[in-house]
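Summary of the model geometry
Chain by chain, the residues run as shown.
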Amino acid sequence: MTAVLAVVALILGSLSAAGTATAAQIPDGYYLLKYSGVIYRVSDGAEIRSITYAEWAAAGFPAPRPAPTDYVKYPWTPTISAVTYFDPANSASWLWEAIDYAAWQRAGAPVPRIVPYVGGSYFYQWGTSTQILVEEPGGVRHVLSYPEWEASGFQTFDRRHNEGFLKLAWTSTIARMSDLATGKGAPITYDQWREQAFPAPRVVNRVTGDQFYREYSSSTIWYAGPTEYRPITFAEWQAAGSPPPLVVNVPATWGVPAQWRGVDLERIQTTRPVVALTFDAGASDAGVASILDTLARNDVDATFFVTGAFARSYPAAVQAMVAGGHPVGNHSDTHPDFTTLTNEQIMAELTAADSAVTAAAGRATVPLFRFPFGARTPADIAVVNDAGYVAFRWTVDSLGWQGTSGGRSVTSVRDRVLAAATPGEIVLMHVGAHPTDGSTLDADALPSIIEGLRARGYEFTTLSSLVP
C-alpha cells in the first residue's frame, strides 16, 4: 500500500509543479476536457459525470473551466494517456484515457510526462515464466524489470498459469500455448513474438500430447506437436531424448512366403553386385556409435540383429539403429543354442526379444531373424517361420568377434570380407567389444570394408528389402 501511495504522490507531485491541480478536490462546476471536447460536471462535492449537449444547454451554456488534465506515457511506448484529476487525493475518481494523435493535437500537443504507471494497464504473468508483463491502454506490451514493477507500486498481476510460450530444445520454433495442461497451442512467427514483447519461453524436450511416429514401411520419424508437424532429423530425434516412435500402419498379419520357409538364407539370390552388411548385437554396445557414424557418412544401410537382453541393456543403441534408417531383426532373447530348446521355449525367446526391441525403439522385429551361433535344425526353422520370421545366416563371418587376442586385426577382418565378395553376399559382423582385449575390430574395419567393396563395384542393400 505504501508503494501505491508513493506512485500517486509521484504523479501528483509533478502535476502540482506544473500548476494544473491542487491537493484537494476541485470546486463544483463545469469542466472541459480539451483533448475530447467533452464537458464534465462536478457537483455536491462528490458527483462527477459527463453531460450531454442538452444538459449543458438546459444549464444555460455555462462557460466550462479547463479540466485538470495531465498527459503521461510509459518510456517504452508511443501511446499517450490523458489523466484528469477531479479529486487528486482519490485515485478512483481519476479519468484515464488513451488518446490518438488528433486528440493530442487538439489538446495543444503537450509534452507528455514519463510515469511508472498508467491507468488502464493490464499486468500479467505467463505460466511458463517468472516474468511480469504489462499491456498499456494502447495495446503495446512490455516485460517489466523488477525496478519498473516496484516503481509501478507493485501492481497486482493476473497469473495466467495455464497459458504461455514453449520452445523445444531441439528446434527454434516457439509456440503460443493456450492450454498447457492439454498441450493445445500453435507456432508463432517472429513478428507475433515481438508483438508479445519477446516473452521468455520455457524450453522443453516434449509437450503434453505430442507424438513421435513413423510409418511401418519407412524409417523416417515425424514429430507432431503444437510447435512442429514435420519429419525430423536423426540429430533432432537424439536431442529430444531419443523417444521410441509410434509405428503406424502396421500390417495386420504377415505370413512367411513359401519360398522362404525351411530356409536359413546364406546368400541373396541375385547376379547384381550387391552386398548386405549385417551386425549382431548381444553382449556390448561398444562399437554401435562408430558403426552408425560410418554408415551415415558413407550413406550405407545395414541390418542389425538384436537380442532382447541387448535391447533392455542398451535401449538408446537400438533407438539409434532405427533412427538411422536401419532395419532391426530378432536374434533371440538370451542367445541360447536353439537346438537345445523345445518349440515352446523357442517361441518364448522370440516373443521376449520382440517385446524388448519394440519397447526400446517402437519397431517390431518381424520378419527378420538370425539364429544364435547359427545353430538350428529344420524343425527349429519351421518354428521360427510359423512365428512370422525369415531366417538369415551369412555368406562370410568377418571373425572380428575373436578380437586381437584371437589373432585377428583390422586388416584381416577387411581382407576376409573382401575375399568373399560375391553378388548377394551377406556379411556377418558384431557391434560389441571383445570381452577381454576390448577390441572392436568390426567397427574399426568397417570404413575400409565399404571402401573396398565399392572399389570392386558393389552396392549395398538390407535384408528387409527382400521381405517387405
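Residues numbered from 1 in each chain as written. Predicted model: local features only at pLDDT ≥ 70, side-chain atom pairs only at ≥ 80, totals over all residues. Heavy atoms only, no water.

1. Description of the side chain of H142
With respect to the helices and strands, the residue H142 is situated in strand β11 (residues 141–144). Among the residues examined, H142 registers a relative accessible area of 17% and is labelled buried. A distance of 3.0 Å separates polar atoms of two side chains, one belonging to H142 and the other to E148. Excluding residues within four positions of it along the chain, H142 makes contact with W76, I132, L133, V134, E148 and A197. (Helix = DSSP H or I, 4+ residues; strand = E, 2+ residues; numbered from the N terminus. Buried < 20%, exposed > 50% of the residue type's maximum accessible area, 1.4 Å probe, protein only. Polar contact = N/O pair within 3.5 Å; in protein donor to acceptor, adjacent residues only side chain to side chain. Contact = heavy atoms within 4.5 Å.)

2. Topic: the sheet that holds strand β12 (residues 158–160)
One open sheet holds the four strands; their spatial order is β11-β10-β9-β12, and the pairing between them is mixed. Each end of this open sheet is capped by a strand with a single partner; those strands are β11 and β12. Averaged over all neighbouring strand pairs, the angle between strand axes comes to 30°, with direction disregarded. Sheet topology note: the strand β9 (residues 122–126)/strand β10 (residues 132–135) ladder contains three bridges and is antiparallel. (Pairing = 2+ DSSP bridges. Axes fitted to C-alpha atoms, helices over the stretch in contact; angles between N-to-C directions.)

3. Observations concerning unusual backbone geometry
Glycine aside, negative phi is the norm for most residues, and most peptide bonds take the trans geometry. Between V366 and the following residue, P367, the backbone shows a cis peptide bond with an omega angle of 15°. Positionally, P367 belongs in the loop between α10 (343–361) and β25 (368–369). For F154, which is not glycine, the phi dihedral falls at a positive 50°. Secondary-structure assignment places F154 in the loop between α4 (146–151) and β12. Of note, F373 is a non-glycine position whose phi angle comes to about 65°, a positive value. Mapped onto the secondary structure, F373 falls in the loop between β25 and α11 (378–386).

4. Some thoughts on the confidence of the model for the chain
Summary statistics for the chain give a mean pLDDT of 90 and a share of 92% for residues scoring 70 or more. Note on residues 1–23: pLDDT under 50 across the span, and 32 contacts to partners over four residues away in sequence or across chains. (pLDDT = per-residue confidence, 0-100.)

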